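Understanding the architecture of this molecule
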Amino acid sequence: MTQLFGQQPHIMLSGVQKGYRFSGEAIPIFSGLDLTIPRGDFVAIMGPSGSGKSTLLNMLAGIDRLDSGTLCIGASRLDQMDEAARSSWRAHHMGMIFQFYNLLPMLTAEENVELPLLLKPLSRKERRVRVEKVLDLVGLGARAKQYPALMSGGQQQRVGIARAIVSDPDLLLCDEPTGDLDRKSADEVLDMLRFLNRELEKTIVMVTHDPQAALFARRTLHLDKGNFVEEKRAAL
Ligand SMILES: Nc1ncnc2c1ncn2[C@@H]1O[C@H](COP(=O)(O)OP(=O)(O)O)[C@@H](O)[C@H]1O
Ligand SMILES: [Mg+2]
């Protein structure tokens, strides 16, 4: 952490209500959720299936709307933005990493990584420089021209990470990023997330089922019945 005192919050949810309608009935998931995540944090979110972990990430990503309450990320009030503003905000401030990578199979690794940059006013050369830099960072510089189908799960996820960071966002949201990987590839991906947090000061929110994956984070929050409880860790 670069700041010792007075860390600014990066994410602030306050009094958040969110539910879904199912056969005409309103089913609440969050009724009055408060959560603060400081800038530079790396937090693991754990919780039973159906407890609302993906809903939380989708609200943070500006994909799902809150029913009511406040969501501040950095200086922005996401709950007050319309769809278009949220999607432009997302392109600048946030990268997402998914369990099943969500790479496009007909594009090479470098073309997949380049996709988020096509929304930005960059020349082809500027895009190429950035893509090369992030593929090198995740150790896949030599596989830039390869298609996802020819890569292992761990390699595909590293392409997913490169795509998430190519616009240099300050926040990464990861939904079960190692859920489909063997232990060794999972640890490589988690090491990379830890590097992005420690060295490049990305704030990371990671949903995971895996207690070993959660240990790579700075802290773990357990979501149960619409509220978060912080896990106490033994002092190292
Ligand atoms: N689009 C939706 N429409 C209706 N219900 C939903 C929708 N998305 C999620 N839910 C319900 O909301 C609850 C929380 O879902 P989710 O956030 O996906 O949980 P988790 O990721 O922790 O498994 C679940 O009961 C789920 O069935
Ligand atoms: Mg989920």
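Procedures and definitions
Residues numbered from 1 in each chain as written. Chains lettered and ligands numbered in written order. Predicted model: local features only at pLDDT ≥ 70, side-chain atom pairs only at ≥ 80, totals over all residues. Helix = DSSP H or I, 4+ residues; strand = E, 2+ residues; numbered from the N terminus. Rg over C-alpha atoms; globule rule 2.2 N^0.38 Å. Buried ≥ 20, exposed ≤ 12 C-beta atoms within 10 Å, placed from the backbone. Core = buried A, V, L, I, M, F, W, Y, C linked by C-beta atoms within 7 Å. Contact = placed C-beta atoms within 7 Å. Arc of directions from axis to C-beta. Expected span 1.5 Å × (residues − 1). Near = placed C-beta within 6 Å. Nonpolar A, V, L, I, M, F, W, Y, C, P; charged D, E, K, R; others polar. Pairing = 2+ DSSP bridges.

Turning our eyes to something else, we now look at the overall build of the chain. The secondary structure content of the chain amounts to seven helices and 10 strands. A compact globule built from 236 residues should have a C-alpha radius of gyration of about 18 Å, and the chain, at 18 Å, falls within 12% of that. Dimensions along the principal axes, computed over C-alpha positions, put the chain at roughly 50 × 45 × 45 Å. Out of the 236 residues belonging to the chain, those deemed buried represent 37%.

Ranked by size, the top nonpolar core spans 60 residues in total, and within it Ile45, Ala162, Leu173, Leu193, Val205 and Met206 carry the most contacts. Among the elements that take part in this core, helix α6 (residues 183-198) stands out by supplying six residues, more than any other. If sequence neighbours within four positions are ignored, valine 205 has contacts with Ile37, Val43, Ile45, Leu57, Leu60 and Leu173.

Attention now moves to helix α1 (residues 53-60). Every buried residue belonging to α1 is among Lys53, Leu56, Leu57, Met59 and Leu60, and all of these are buried. Taken down its axis, α1 places every buried residue within 160 degrees of arc, on the same side. Looking at the buried residues of α1, the elements they touch are β1 (9-22), β3 (42-46), β4 (68-73), β7 (171-175), β8 (203-207) and β9 (219-224). In the segment just after α1, glycine 62 is the residue with positive phi, at about 75 degrees.

Turning to helix α4 (residues 124-137), a few remarks are in order. Since the α-helix turns once every 3.6 residues, residues separated by three or four places project in the same direction. The first and last C-alpha atoms of α4 sit 20 Å apart over 14 residues, in line with the 20 Å expected at 1.5 Å per residue. Among all positions of α4, only Arg130, Val131, Val134 and Leu135 are buried. On an axial view of α4, the arc spanned by its buried residues comes to 130 degrees, and they lie on one face. Facing away from the buried side of α4 by over 90 degrees, the exposed positions are Lys125, Glu126 and Val129. Buried residues along α4 sit against α3 (109-114) and α5 (153-165). Where α4 terminates, the next one or two residues include glycine 139, which has phi positive at roughly 80 degrees.

In the vicinity of ligand 1, the contacting residues are Tyr20, Phe22, Ile29, Gly47, Ser49, Gly50, Ser51, Gly52, Lys53, Ser54 and Thr55. Put simply, the parts of the chain that give the shell around ligand 1 at least two residues each are β1 and α1. At three residues, α1 tops the list of elements feeding residues into the shell around ligand 1. Broken down by class, the residue content of the shell around ligand 1 amounts to three nonpolar, seven polar and one charged.

Before going further, it helps to spend a moment on the environment of leucine 119. Here leucine 119 is to be found in the loop between α3 and α4. Between the C-alpha atom of leucine 119 and that of serine 14, which follows or precedes it by 105 residues, the distance is 31 Å.

Looking now at the sheet that holds strand β2 (residues 25-38). Strand order in the open sheet formed by four strands is β2-β1-β4-β5, and the pairing between neighbours is antiparallel. Of all the strands in the sheet, just β2 and β5 (76-77) have a single pairing partner and so form its edges. Summarising the sheet, β1 and β4 pair through five bridges and their orientation is antiparallel. From the neighbouring strand, isoleucine 11 faces β4, where its bridge partner is isoleucine 73.

Position of methionine 94 relative to the elements: it lies in strand β6 (residues 94-97). Its 20 C-beta neighbours within 10 Å are what place methionine 94 among the buried residues. The spatial distance from the C-alpha of methionine 94 to the C-alpha of arginine 163 is 11 Å, given a sequence separation of 69 residues. Look past the residues within four positions of methionine 94 in its chain and what remains in contact with it is Ala61, Pro169, Leu171 and Leu173.

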